[in-house]
Amino acid sequence: MYIGSFGMRYYPLQGKRGSVVGIVRHSVQNNPAKTRALDVGHLNSMRYIDGKWKEKRKGGHPQSTCFSSLDSRDDVAPEGPSPAHHVPNIPEIPLTSPARVVSDTLIVTNVAIFILQLVFPGITMAGIKVNDLIDAGEYWRLLTPAFLHGSPAHLLLNMLSLHSLGTVCEWTCGRKRFLMIYLYAAVAGNIVSYFGDDTPSLGASGAIFGLAGALIVYFARNKILYKNRGSATVVRLSITVLLNFGIGLLLPDIDEWGHLGGFLGGAMLAFLLGPAYELCYIKGRDGVWLVDVPIIQTFACPPRKVFKL
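Computed from a prediction, not measured in an experiment: that's the story for all the values here.

Engineer: Looking at this structure, I do not really get the packing of helix α9 (residues 228–250) against helix α10 (residues 256–273). What am I missing?
Structural biologist: The description of two helices packed together rests on the angle between their axes and the distance between the axes. For the pair α9 and α10, the least separation of the axes is 10 Å and the interaxial angle reads 160°. Here α9 is positioned roughly antiparallel relative to α10, judged by the angle of their axes. You can see that α9 and α10 cross each other, and the crossing is left-handed. Taken together, the residues of α10 that come into contact with α9 (itself represented by Val241, Asn244, Phe245, Gly248 and Leu249) are Glu256, His259, Leu260 and Phe263. Class assignment of the residues belonging to the contact of α9 with α10 gives a composition of five nonpolar, three polar and one charged.

Engineer: Teacher, can you tell me more about the packing of aromatic side chains here?
Structural biologist: Geometry of an aromatic ring pair is reported as the spacing of the ring centres plus the angle between the planes. Enumeration over the complete set of coordinates arrives at five aromatic pairs. Note on Phe178 and Tyr182: the rings are 6.4 Å apart at their centroids and 45° apart in plane angle, and the pair reads as tilted. Separated by four residues within a single helix, Phe178 and Tyr182 lie in helix α6 (residues 175–196), roughly one turn from each other. Pair check on accessibility: Phe178 and Tyr182 agree, each one buried. With a centroid separation of 5.0 Å and 85° between ring planes, the pair formed by Tyr218 and Phe219 is classed as edge-to-face.

Engineer: Before we go on, may I ask you to explain α10 in this structure?
Structural biologist: Each turn of an α-helix holds 3.6 residues, which means side chains three or four residues apart point in the same direction. The end-to-end C-alpha separation of α10 is 26 Å, in line with the 26 Å expected for 18 residues at 1.5 Å each. Turning to α10, its buried residues are Glu256, Gly258, His259, Gly261, Gly262, Phe263, Gly265, Gly266, Ala267, Leu269, Ala270 and Leu273. Residues of α10 that are buried in the fold lie against α6, α7 (205–221) and α9. Near the N-terminus of α10, the side chain that reaches the backbone nitrogen of Trp257, with its oxygen 3.3 Å away, is that of Asp255.

Engineer: Honestly, α9 in this entry has me stumped. Any pointers?
Structural biologist: Taking 1.5 Å of rise per residue, the 23 residues of α9 would be expected to cover 33 Å, and the 33 Å separating its terminal C-alpha atoms lies within 8% of that figure. Residues of α9 that are buried: Gly230, Thr233, Val234, Leu237, Thr240, Val241, Asn244, Phe245 and Gly248. Among the structural elements, α5 (152–173), α7, α8 (223–226) and α10 are those in contact with the buried residues of α9.

Engineer: Is there a simple way to explain the layout of surface pockets in this structure?
Structural biologist: Empty space among the atoms becomes visible once a probe the size of a water molecule is rolled across them. Computed from the structure, the largest pocket encloses a volume of approximately 450 Å³. As for the largest pocket, its lining consists of 25 residues, and the residues nearest its centre are Ser201, Leu202, Asp253, Ile254 and Asp255. When residues of the lining of the largest pocket are traced back to their parent elements, those giving at least two are α6, α7 and α10. Class assignment for the residues of the lining of the largest pocket results in ten nonpolar, twelve polar and three charged.

Engineer: Please explain the nonpolar core as it appears in this structure.
Structural biologist: Considering soluble globular proteins, one finds that nonpolar side chains tend to be buried as a cluster. By size, the foremost hydrophobic cluster in this structure holds 47 residues, and its most contacted members are Leu162, Tyr182 and Leu211. The element contributing the most residues to this core is α7, with eleven residues. Look past the residues within four positions of Leu211 in its chain and what remains in contact with it is Leu162, Leu165, Gly166, Cys169, Phe178, Ile181 and Tyr182. In terms of nonpolar packing, the next biggest core, distinct from the first, is built from five residues, Cys280, Ile282, Val291 and Val293 among them.

Engineer: Looking at this model, I keep getting lost on the pattern of salt bridges. Mind explaining?
Structural biologist: Any two side chains of opposite charge can pair, so long as their charged atoms come close to each other. Applying the stated criterion across every chain yields a total of three salt bridges. The residue Asp104 makes a salt bridge to Arg100 at a minimum N-O spacing of 2.6 Å. Across the pair Glu138 and Arg141 runs a salt bridge, and its minimum N-O distance is 2.5 Å. Relative accessible area serves as the criterion here: at 4%, Arg141 is assigned to the buried category.

Engineer: How should I be thinking about a nonpolar patch on the surface in this particular structure?
Structural biologist: On the surface, Val111, Ile115, Leu116, Leu118, Val119 and Phe120 cluster together to form a nonpolar patch covering roughly 560 Å² of accessible area. Here Leu118 is to be found in helix α2 (residues 101–119). With relative accessibility at 58%, the residue Leu118 sits in the exposed group.

Engineer: Explain the side chain of Asn110 to me, please; I cannot follow it from the model alone.
Structural biologist: Along the chain, Asn110 falls in helix α2. Other than its neighbours up to four places away in sequence, Asn110 contacts Ala146, Phe147, His149, Leu155, Met159, Tyr182 and Ala204.

Engineer: Explain unusual backbone geometry to me, please; I cannot follow it from the model alone.
Structural biologist: The phi torsion of most residues other than glycine is negative, and most of the peptide bonds are trans. Looking along the chain, the bond that leaves Gly274 and enters Pro275 is cis, with omega of 10°. Despite not being glycine, Asp253 shows a phi value in the positive range, around 65°. Inspection of the secondary structure puts Asp253 in the loop between α9 and α10. In this structure Asp253 comes out as exposed when scored by relative accessible area, which is 81%.

About the criteria used
Residues numbered from 1 in each chain as written. Predicted model: local features only at pLDDT ≥ 70, side-chain atom pairs only at ≥ 80, totals over all residues. Heavy atoms only, no water. Axes fitted to C-alpha atoms, helices over the stretch in contact; angles between N-to-C directions. Helix = DSSP H or I, 4+ residues; strand = E, 2+ residues; numbered from the N terminus. Parallel < 35°, antiparallel > 145°, perpendicular 65-115°, else oblique. Left-handed = near helix turned anticlockwise from the far one by under 90°. Contact = heavy atoms within 4.5 Å. Nonpolar A, V, L, I, M, F, W, Y, C, P; charged D, E, K, R; others polar. Phe/Tyr/Trp six-rings, centres within 6.5 Å; stacked < 30°, edge-to-face > 60°. Buried < 20%, exposed > 50% of the residue type's maximum accessible area, 1.4 Å probe, protein only. Expected span 1.5 Å × (residues − 1). Polar contact = N/O pair within 3.5 Å; in protein donor to acceptor, adjacent residues only side chain to side chain. 1 Å grid on protein atoms, 1.4 Å probe; cavity = no way out; pocket = protein on both sides within 12 Å on 5 of 7 lines; lining within 4 Å. Points joined across faces, edges and corners; volume = space filled by probe spheres on them. Core = buried A, V, L, I, M, F, W, Y, C linked by side-chain atoms within 4.5 Å. Salt bridge = Lys/Arg side-chain N within 4 Å of Asp/Glu carboxyl O. Patch = residues over 30% accessible without salt bridge, like charges linked within 9 Å, V, L, I, M, F, W, Y side chains within 5 Å. Areas by Shrake-Rupley, 256 points an atom, 1.4 Å probe, with all protein chains shown as cover.

This is the structure:
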């Protein structure tokens, strides 16, 4: 199923003009009340309270993350004039960008496997989702259907969607998180399909719906970076996903259970792994920082300075 491009641009996490950090500089300068003092778990065990850094002792975990409002502080914005009240345009990722390595690898892998399917038809039957064979212990069929396709048109539509969504998700979430979300959504889609529909199925669309779910979570959670553009992107993504679900209900041979499972799986993992950015003060470091504080911080980005005070 073709998810489409949603008219989105790509948002790099770098310190250049037009990047996430550039947007944050603008956002902090014009919205100082949004900045928070943060105890970054592995960095320190202090937080900013009443103008002083004080040790946090809560539940026996002095290194756990905590927040303190800086709404009343007047020293957040840096010196100098504020930029114009708009978010700068952000260029799309070029085809040669290293930020899309995993996306391109997945596309090439799917195309190569489809060629093998044409040459060796037995590959298809060895990997598609068949409930009876999963019951018999062939659990790899909860993943392998995401790399198999039933026709050139099926492959083309899914690869166009992966090209559209995958590059954005890889750029915003990072390679490791992106790959984990993709694979997890693929498995989640096949698990839900296993319980919801006993018809054999194959295709990458469940994983791609998972990327859409992950991007909705990302832009909804990180509105401070994108302001109104983030909200508009969430709306566009949501409408397009709903339209695709609706089209799937009207067409035969569409595994909507797989789409639903993939979407929920990708959204859930993105909620747990992040990115989830906060604008922060960090003990022992000057300036305001952009800090990734997801629920599971295994793949969190390191703190990046927004600007000096």
